[in-house]
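An overview of the molecular structure
What follows is each chain in one-letter form.
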Amino acid sequence: MLQVLYIFMPIVAAIFVPLFYKRMKHIHTGWFVLAVPATLAIIYATYIAQVAKGEAFTAELPWIPSLDISVISYLDGLSLLFSLLITGIGSLVVLYSIFYLDKHKEKLHNFYVYLLLFMSAMLGVVQSDHLITLYFFWELTSISSFLLIGYWYTRDASRFGALKSMLITVGGGLMMLGGFVLLYLMGGTFSIRELIAMAPNLAEHPLFTWSLLLLLLGAFTKSAQFPFYIWLPDAMEAPTPVSAYLHSATMVKAGIYLVARFTPIFAASELWVWLVTGVGILTLFWGSFFAVKQTDLKGILAFSTVSQLGLIMSLLGASAVAFHSNGSIDTIKYAAFAAIFHLINHATFKGSLFMIAGIIDHETGTRDIRKLGGLMSIMPISFTVATIGSLSMAGLPPFNGFLSKEMFLTAMLALQNFEFFGFDTWGALFPIIAWIASIFTFIYSFYFVARTFMGNYKPEQLPHQPHEAPIGMLISPILLATCVIAIFFVPNFIGDTFVKPAVQAIQPFLYTTPQDVDIHVSAWHGHITPELLMTIGIIIVGVLLFVTLPKWQGLYQRFPQAFTLNNAYNKMMQGLDVGLNRLSQRYMTESMRHYLLYMFSGITVIVISSLFLKDAFRIAWQGTSPIRPYELILAVVLVIGTAIVILAKSRLTAIIGLGAVGYTVALFFVIFNAPDLALTQLVIETISVALFLMAFYHLPKLGKREERMKFQLNRAIISIAVGIMVTLVALSAHSQKLIPSISKYYEETVYSLAGGGNIVNVILVDYRGFDTLFEITVLGIAGMGILAMIKLRMNRKEKIHENK
């Protein structure tokens, strides 16, 4: 049970954040928040040794037992790794935010509540073994990230970026939910572990491909894959701690996690292999190519993140090939290992670079790379950290990015050796695209450092006098940069402890335990390899292109803006805005008659169509009661009373007609042996008529100038259609039952479960208790509103009297 409660610890802590913010303004709220991720990181660290041996831990908290929905926390190598990243990087981000966000200027209670909400949501995503709870936490990440990205809500760009990210990721999440539902229909269970166990059988199901496509839409939108990446650059309007947390280690990795977790289920599909690998390699190239175009530091990092996510995604796709290789191509086993290894490396170097970008913005007042330069001697610590992070991102030794990049190239080269799925022909494109994309990765990595810290110093273009950041703001990026170097020298410790258990979870069809993952990481293999030659080529071509960057960077301006994905999104949103406004102006006429026409016509079409499409209309006269003379007389009186209300030329006549209708209905209740309903109806009608008569003096008279509505055929048709609909429904309801009536359930349980004898009263009070409670609440609110208006009017009269 405690394992499940750890997921909700940040949400529980968020309840107390406003209290700390309000009561202890002299202390930065972040210091209280820091204890939450730090404590969780320590707790999850206690699982490392056992999980590294192949053990897994499960805990369950029932949520909706009647629907078989529970919060199930499943900690294996994959989910534990992500949990440690979420809490570990989260701790460093909170520490960084303490010095980045001013406690006097910022609404810290909002910021940390959103951050803790997001942290719980991410922990729920990576630990959920139940598809529905996974979806719940998945959408909670979208909502909380929307709040974090739009934290500075007074800025138009922040609101736009937050809305854009939520629309795209929530849309993908809905598609993913459809995939989950199809998985349930195929396997009959919501448990991911149980679905993995029956994966070979699922692959033969006709819904398998549809489930695959829908799930990938959710993963691609969240992990910013092409063409859905367009939300990520706009999300850079968030405060830098948010960017460092969401867009380097957590939110964008949720899509990566989803693909990794479901690879054992879908790896059998050729479509899965091609889509994941192909979209990943395309995203890698696209992001790296356009990163060189950017002039904003966080913009460069945003496109570089898109690029790196594509790299990891392509490796996960390549890892699925191992499902079909039967060990024939040994090098493909590096794919899953490289994906997880690079995921860890990316969190370290990209987190530090985002923090450095925030420091530069904080200390100089700008992120525009055209205004920066020459900061190396002014900000030497920031320069050192940025250099370490950038060289690792470029894939150079002695930094961790070099190791995972070499393994990436190994996996891409291995793909062309497979003789199935067309990899022996089209597979040759993967190492070529990977090599070209790596060149641009090299360029934008040096571009980030050189244009910021080298070159000419331009103090006249900087809003602030630059200086080195305070040590508190530098601690987190320094620690991450230290990890970048340390991992290079102890890669197998990281591999054995964290990577291999995760790989075993991704490829259970290849490895029974983490120890079976027979991969040894080394910077030098003792001989010249194709990967090393590709790296040398990347460095040579990358240096040449970087040196000549001013001569060819103008090519980016030749891309027509009208054909960009961002422009397509903007045009679509503008078209929807204009089109929906025009549509709403057509039917929002401020006329109650028009609204009733729309509603009645829609309901009529739906109900009558459903009756005939479902073959639900029946007429059966068996068991009907005879119509007695006095019932016929009451029916005639009811019709006459209704006609009087509509056609009366006098208010008094209309009120009398309305009373006659109500009392006639009450008499019908008496005849049909419903005395409680009759009593209620009599009371209501008496009060209504009395109130009308009390207000009669103030009602305007019906005169000759009253507007008379002309006969309109469309209204007559709708009126007749509504009457026909009600008649057909009444006849059909009496004549047949498509489903068993719930009345039998009420008859059997009204006394045993509710302890009442009157079935109508029990339904109103017990079975429909919430409905009745809400009705009472509405009446109470209306009563308070009327009382407030009366008091305001009385106070106004008193003031007028006093003034006189």
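Values in this document were obtained by computation on a predicted structure and should not be read as measured data. (Residues numbered from 1 in each chain as written. Predicted model: local features only at pLDDT ≥ 70, side-chain atom pairs only at ≥ 80, totals over all residues. Heavy atoms only, no water.)

As a packed pair, helix α13 (residues 251-266) and helix α15 (residues 297-319) sit with axes 10 Å apart at the nearest point and diverge in direction by 0°. Taken together, the axis directions place α13 and α15 in an arrangement best described as roughly parallel. Here V252, K253, G255, I256, V259, A260 and T263 of α13 come into contact with α15, specifically with T305, L309, I312, M313, L316 and S319. Here the residues of the contact of α13 with α15 sort into eight nonpolar, four polar and one charged. (Axes fitted to C-alpha atoms, helices over the stretch in contact; angles between N-to-C directions. Helix = DSSP H or I, 4+ residues; strand = E, 2+ residues; numbered from the N terminus. Parallel < 35°, antiparallel > 145°, perpendicular 65-115°, else oblique. Contact = heavy atoms within 4.5 Å. Nonpolar A, V, L, I, M, F, W, Y, C, P; charged D, E, K, R; others polar.)

As a further point, take a nonpolar patch on the surface. Among the surface-exposed residues, M572, L576, L580, L583, Y587, M588 and Y598 lie close enough to one another that they form a single nonpolar patch of about 690 Å² accessible area. Ranked by residues supplied to the nonpolar patch, first place goes to helix α25 (residues 565-587) with five residues. Note on placement: Y587 falls in helix α25. Judged by relative accessible area, which is 37%, Y587 ranks as partly exposed. (Patch = residues over 30% accessible without salt bridge, like charges linked within 9 Å, V, L, I, M, F, W, Y side chains within 5 Å. Areas by Shrake-Rupley, 256 points an atom, 1.4 Å probe, with all protein chains shown as cover. Salt bridge = Lys/Arg side-chain N within 4 Å of Asp/Glu carboxyl O. Buried < 20%, exposed > 50% of the residue type's maximum accessible area, 1.4 Å probe, protein only.)

Soluble, globular proteins show a tendency: their nonpolar side chains are buried together. By size, the foremost hydrophobic cluster in this structure holds 209 residues, and its most contacted members are F180, L183, F262 and W272. Sorting elements by how many residues they give to this core places helix α17 (residues 334-364) first, with 18 residues. Those residues within four positions of L183 in sequence are excluded, and the remaining contacts are L131, G188, L195, L202, S211, F262, I265 and F266. (Core = buried A, V, L, I, M, F, W, Y, C linked by side-chain atoms within 4.5 Å.)

Below, the discussion takes up helix α30 (residues 713-735). Residue pairs spaced three or four apart in an α-helix point in one direction, given the helix's 3.6 residues per turn. Across its 23 residues, α30 extends 32 Å between first and last C-alpha, which sits within 8% of the 33 Å expected from 1.5 Å per residue. Within α30, the full set of buried residues consists of A716, I718, M725, L728, S732 and S735. Among the structural elements, α26 (592-613) are those in contact with the buried residues of α30. (Expected span 1.5 Å × (residues − 1).)

Turning next to the pattern of salt bridges. In total, this model carries 10 salt bridges according to the counting rule given. The partner of R367 in a salt bridge is D296, and the shortest N-O contact between them spans 3.2 Å. Placement of the pair is R367 in the loop between α17 and α18 (380-394) and D296 in the loop between α14 (270-291) and α15, with a sequence separation of 71 residues. Under the relative-accessibility criterion, R367 is labelled buried at 16%. E406 serves as the salt-bridge partner of K405, at 3.1 Å between the closest nitrogen and oxygen. Taking relative accessible area as the criterion, K405 reaches 6% and is therefore assigned buried.

Take it as geometry only, folks, not as evidence of what the structure does.
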